[in-house]
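Tertiary structure, described
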Amino acid sequence: MIVEQIWTGNAYRNFNYLIACAETGEALAVDPLDHKKCLARARELGWEITQVLNTHEHPDHTGGNSALIAATGARLLAHANARDSIPGIDRGLQAGDVIKIGKTVELEALDTPGHTMCHICVLSHADVPALFCGDTLFNAGAGNCHHGGHPRELYSTFANQLAQLPDDTLIYPGHDYLANNLAFTLDREPDNEEAARLLAKAEAQDPNHALVSDMALERRINTFMRLGSPAVIASLRDIFPDLPQQPDPAEVFLKLRELRNSW
Ligand SMILES: [Zn+2]
Ligand SMILES: [Zn+2]
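Residues numbered from 1 in each chain as written. Chains lettered and ligands numbered in written order. Predicted model: local features only at pLDDT ≥ 70, side-chain atom pairs only at ≥ 80, totals over all residues. Heavy atoms only, no water.

1. Looking at the coordination of the zinc ion (ligand 1)
As a reminder of what qualifies: Only nitrogen, oxygen and sulfur atoms within 2.8 Å of the metal, or 3.2 Å for Na, K and Ca, are treated as donors, and water is left out, so sites may look incomplete. The geometry test gives tetrahedral to four donors whose angles all lie between 85 and 135 degrees, gives square planar to four donors and octahedral to six donors whose opposite members are over 155 degrees apart with all other angles between 65 and 115, and gives irregular to the rest. To qualify as a helix, a DSSP run of H or I must reach at least 4 residues; to qualify as a strand, a run of E must reach at least 2; elements of each kind are numbered from the N terminus. In this scheme, a residue with accessible area under 20% of its type's maximum is buried, one over 50% is exposed, and one in between is partly exposed, where area comes from a 1.4 Å probe on protein chains only.
Protein coordination at the zinc ion (ligand 1) comes from His56 (NE2), His58 (ND1), His115 (NE2) and Asp135 (OD), with a distance range of 2.1 to 2.3 Å. Because the angles between the four donor atoms bound to the zinc ion (ligand 1) fall within 92 to 168°, the donor set is best described as irregular. Read in sequence order, the donor residues coordinating the zinc ion (ligand 1) give the pattern H-x1-H-x56-H-x19-D. Separating the zinc ion (ligand 1) and the zinc ion (ligand 2) is a distance of 3.4 Å, and Asp135 donates to both of them. Of the two residues, His58 sits in the loop between strand S4 (48-53) and helix H2 (59-62) while Asp135 sits in the loop between strand S10 (130-134) and strand S11 (137-138), which places them 77 residues apart along the sequence. The two residues His58 and Asp135 agree in class, both being buried.

Here is the structure:
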């Protein structure tokens, strides 16, 4: 499996992806908002885009569909329940469905509600596992729930699915929010030295060559994956004195999500 991360350079800081079979050159485009860049990159690499996957229905993820499909004839894949919100779906996905690309790539669809209720993440079980996570998990952060989502569902997705993934799973999110999210981590957990070191790097990084994190790193720098951390709980209790000393992880997650909304 070959992954091309495409930085759109737009105001929303979207990342688009091409995932290709090394043997046949067939490729799947994930949320190809910048259809021109996606097509140009595929052409440069000699790849043929045969499928488009939308992680969810927001326009900054679906806005490139029609132009890219008109240019390639690719099939459109998205959550089975997104048929009313995403026009032209050829294949509705449910949890456990397998998406094949060429001869060598197989992705598993995960049903990951929270950011919206029709959100799909896809997981590759290749030599190195990789997760394409749209607006559910970001580097050092979590998606918001402002436009059709639910924080409790997002927590369940994190706890029951994402937190179960192996340490070496590479993380490919739908936006570059790394620097902002690390600043939030440090606001909640000022002693997190790794987050501080990474923030300096993130502020200087060229998003065309962005850091690709893995689950092990997220577990160290992503507040939303550090729900049992005494430092995270202590600083939350300063703001929410009613929070017990050993709170339920769901409560910690919901309070963090609430703080992040207005941070
Ligand atoms: Zn979104
Ligand atoms: Zn988005």
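2. A short note on the coordination of the zinc ion (ligand 2)
For the zinc ion (ligand 2), every protein donor is listed as Asp60 (OD), His61 (NE2), Asp135 (OD) and His175 (NE2), and the spread of their distances is 2.0 to 2.3 Å. Considered as a linear motif, the donors of the zinc ion (ligand 2) on their single chain read D-H-x73-D-x39-H.

3. Re the sheet that holds strand S13 (residues 170-173)
Rule in force here: DSSP-based pairing: two strands are paired if at least 2 bridges between them are found.
Reading across the sheet, the six strands line up as S7-S8-S9-S10-S13-S14 and stay open at both edges, with mixed pairing between neighbours. Edge strands, defined here as strands with exactly one partner in the open sheet, are strand S7 (98-101) and strand S14 (213-214). For S13 and S14, the ladder comprises two bridges, and the chain directions are antiparallel. When the bridges of S14 are listed, Ile171 appears paired with Ser213.

4. Here we look at the sheet that holds strand S6 (residues 91-93)
Here is the rule: Angles run from 0 to 180 degrees between N-to-C directions of axes, and those axes are lines fitted to C-alpha atoms, restricted for helices to the stretch in contact. Residues are treated as being in contact if the distance between any of their heavy atoms lies within 4.5 Å.
The six strands are arranged S1-S2-S3-S4-S5-S6 in an open sheet whose pairing can be described as mixed. In this open sheet, the two edge strands, each paired with only one partner strand, are strand S1 (2-7) and S6. The mean angle between the axes of side-by-side strands here comes to 25°, regardless of whether they run parallel or antiparallel. Sheet topology note: the strand S5 (residues 75-79)/S6 ladder contains three bridges and is parallel. Across the sheet, the residue bridging to His79 is Leu93, located in S6. Those strands touched by helix H1 (residues 35-45) are S1, strand S2 (15-20) and S4, and its axis lies near 140° from that of S1.

5. Examining the nonpolar core
Going by this rule: Residues belong to one nonpolar core when they are buried, are Ala, Val, Leu, Ile, Met, Phe, Trp, Tyr or Cys, and are joined through side-chain atoms within 4.5 Å.
In terms of nonpolar packing, the biggest core is built from 29 residues, with Leu131, Leu137, Phe158 and Leu256 touching the most fellow members. Mapped onto this core, the elements with two or more residues apiece are strand S9 (120-124), S10, helix H4 (151-160), helix H8 (230-239) and helix H9 (249-262). With five residues, the top contributor of residues to this core is H9. Ignoring anything within four residues of it in the chain, the contact list for Phe158 reads Thr136, Leu137, Gly141, Ala142, Ala163, Phe224, Met225 and Phe253. Of all hydrophobic cores here, the second largest spans 21 residues; its members include Val30, Leu93, Ile101 and Tyr172.

6. A few points about the packing of aromatic side chains
Using the following cut-off: Note on aromatic contacts: the rings of Phe and Tyr and the six-membered ring of Trp form a pair at centre separations within 6.5 Å, being stacked when their planes are under 30 degrees apart, edge-to-face when over 60 apart, and tilted otherwise. A ring is considered to have a charge above it if a Lys NZ or an Arg CZ atom is located within 6 Å of its centre and within 35 degrees of its normal.
Under the defined criterion, the tally for this structure stands at eleven aromatic pairs. Ring plane angle 70° and centroid distance 4.8 Å describe the contact between Phe138 and Tyr177, whose orientation is recorded as edge-to-face. Separated by 39 residues along the polypeptide, Phe138 in strand S11 and Tyr177 in the loop between S13 and helix H5 (178-188) bring together distant segments of the chain. Taken together, Tyr155, Phe158, Phe184, Phe224, Phe253 and Trp263 form an aromatic cluster joined through their ring pairs. Here the guanidinium or amino end of Lys255 rests over the ring plane of Phe240, the centre of that ring lying 4.8 Å away.

7. Considering the pattern of salt bridges
Selection criterion: Note on definitions: salt bridges are taken to be side-chain nitrogens of Lys or Arg within 4 Å of carboxyl oxygens of Asp or Glu.
Across all of its chains, the model carries nine salt bridges by this definition. Across the pair Asp187 and Arg188 runs a salt bridge, and its minimum N-O distance is 3.5 Å. The exposure class assigned to Asp187 is partly exposed, which follows from its relative accessible area of 36%. According to the relative accessible area criterion, Arg188 is buried, its value standing at 6%. The salt bridge partner of Arg220 is Glu194, with a shortest N-O separation of 2.6 Å. Of this pair, Arg220 sits in helix H7 (residues 215-221) while Glu194 sits in helix H6 (residues 193-204), and the two are 26 residues apart along the sequence.

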